[in-house]
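The chain contents come next:
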Amino acid sequence: DRILKNHPSDHNAQFYRAMCYHHLLDYNRSINLLTPVANDPNNPFMEDAMFYLAQSYANTGNRTPAINLYNNIIQNNNNFRKQAKEELRRIEGGK
């Protein structure tokens, strides 16, 4: 938080702060913090943020945004494409 207070646009701090909450299972806070990163094409963590945002949604039971994000990852050939396919299959019941 101190780094972001002094450097609010620090991409590393933004992403890793969100990931801390993700790993603490505080998915709602993770969603709030990952959303702007996932929506910023200039952020080097955008692809990572999209995947973990989808996971956070899935872990809170919000299937629709998770499915939409996983499909977006797959369609855009994101680095997390393989994992997104696996997660999408799991969410949709093994289809």
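These lines cover the structure that appears in this document, whether it is placed above or below. (Residues numbered from 1 in each chain as written. Predicted model: local features only at pLDDT ≥ 70, side-chain atom pairs only at ≥ 80, totals over all residues. Heavy atoms only, no water.)

Bringing the overall build of the chain into the picture now. Of the regular secondary structure elements, the chain holds 6 helices and 0 strands. In sequence order, the chain lays out its α and β elements as α-α-α-α-α-α. By residue count, 38% of the 95 residues in the chain fall in the buried class. Put simply, 40% of the contacts in the chain that link residues at least 6 apart link residues at least 24 apart. (Helix = DSSP H or I, 4+ residues; strand = E, 2+ residues; numbered from the N terminus. Buried < 20%, exposed > 50% of the residue type's maximum accessible area, 1.4 Å probe, protein only. Contact = heavy atoms within 4.5 Å.)

Phe-15, Leu-53, Tyr-70 and Ile-73 are the most contacted members of the largest nonpolar core, which has 26 residues in total. Of all the elements in the fold, those that place two or more residues in this core are helix 2 (11–23), helix 3 (27–38), helix 4 (46–59), helix 5 (63–75) and helix 6 (81–91). For Leu-53, the contacting residues outside a window of four places in its chain are Ile-31, Leu-34, Thr-35, Ala-38 and Leu-69. (Core = buried A, V, L, I, M, F, W, Y, C linked by side-chain atoms within 4.5 Å.)

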